[in-house]
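Commentary on secondary and tertiary structure
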Amino acid sequence: MGFSRPLVGCFLLLTVTIGANAQPIVPALIVFGDSMNDVGNNNKLVTIAKSSLHVISLSKQLEYYKEYQSKVVSIARKENASSIFSGAFYMLSAGIADFVLNYYINPLLNIHYTQDQFSEILVHNFATELYNLGARKAWVMSLPPLGCLPVSITLFGSGSNKCVERINSDALQFNNKLIASAQGLQK
């Protein structure tokens, strides 16, 4: 079984070093997102780096990130910390669990917010705040056709075994917002 090109590229990006001091090209890898980021392969390790099936909102993750930033500042000083945060590579994978396991199921969300409003909350507000906290290099994963996921077909397919087009359409709209938000931050 081979590795995918993006995976190999990401690995090389993180392991290649420059100069005699072997300084990393990327001083940190910071990951945000839903439970889809944790595949459970570290459950047997003695580490706090696992989700253990707890769903943490993006706003809560930003709160934790601000705490992390203040700890880094206290250890590395403000100038060094700013360099770390602006040079870090940020990975965001959000939306899969946010939509399928939250928005479509939770009446407090889908009654009070349209899909468009919910997407705006997930994408724009989070991306803007992360940018304001120093993020400059990011990889953002778009949504797959959510309506074709087995969980979506089971929960929302009305007994059919076909993809739920409404959910696929929502995923496309979310992806368009994601692209627009990323382009807006590049200006």
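Everything below is about the structure shown above.
Residues numbered from 1 in each chain as written. Predicted model: local features only at pLDDT ≥ 70, side-chain atom pairs only at ≥ 80, totals over all residues. Heavy atoms only, no water.

**Remarks on the nonpolar core**
Soluble globular proteins: nonpolar side chains tend toward being buried together. Selection criterion: Remark: nonpolar core denotes a set of buried residues (Ala, Val, Leu, Ile, Met, Phe, Trp, Tyr, Cys) joined through side-chain atoms within 4.5 Å. Classification of residues uses two cut-offs on accessible area relative to the type maximum, computed with a 1.4 Å probe and protein chains only: under 20% is buried, over 50% is exposed, and between them is partly exposed. By definition, any uninterrupted DSSP run of H or I lasting at least four residues is a helix, any uninterrupted run of E lasting at least two residues is a strand, and each is numbered from the N terminus. In what follows, residue pairs with any heavy atoms lying within 4.5 Å of each other are defined as contacts.
In terms of nonpolar packing, the biggest core is built from 35 residues, with Phe32, Tyr65, Tyr90, Phe99, Leu130 and Leu146 touching the most fellow members. Where this core is concerned, the elements lending two or more residues are strand 3 (29–33), helix 2 (58–87), strand 4 (89–93), helix 3 (96–103), helix 5 (115–132) and helix 7 (165–186). The element contributing the most residues to this core is helix 2, with seven residues. When sequence neighbours within four positions are dropped, the list of residues in contact with leucine 130 reads Phe32, Leu62, Tyr65, Tyr90 and Ala135.

**Observations concerning the sheet that holds strand 5 (residues 137–141)**
Spelled out, the test is: Between any two strands, at least two bridges found by DSSP are needed for them to pair. All axes are obtained by fitting lines to C-alpha atoms, using only the stretch in contact for helices, and the reported angles, taken between N-to-C directions, cover 0 to 180 degrees.
Strand order in the open sheet formed by three strands is 3-4-5, with parallel pairing between adjacent strands. At either end of the open sheet lies a strand with only one pairing partner, and these are strand 3 and strand 5. Averaged over neighbouring strand pairs, the angle between their axes works out to 15 degrees when direction is ignored. As defined by bridge partners, strand 3 adjoins strand 4 across five bridges and the pair is classed as parallel. Across the sheet, the residue bridging to glycine 33 is serine 93, located in strand 4. Sheet strands touched by helix 2: strand 3, strand 4 and strand 5. Its angle to strand 3, the strand with the most contacts, is close to 165 degrees.

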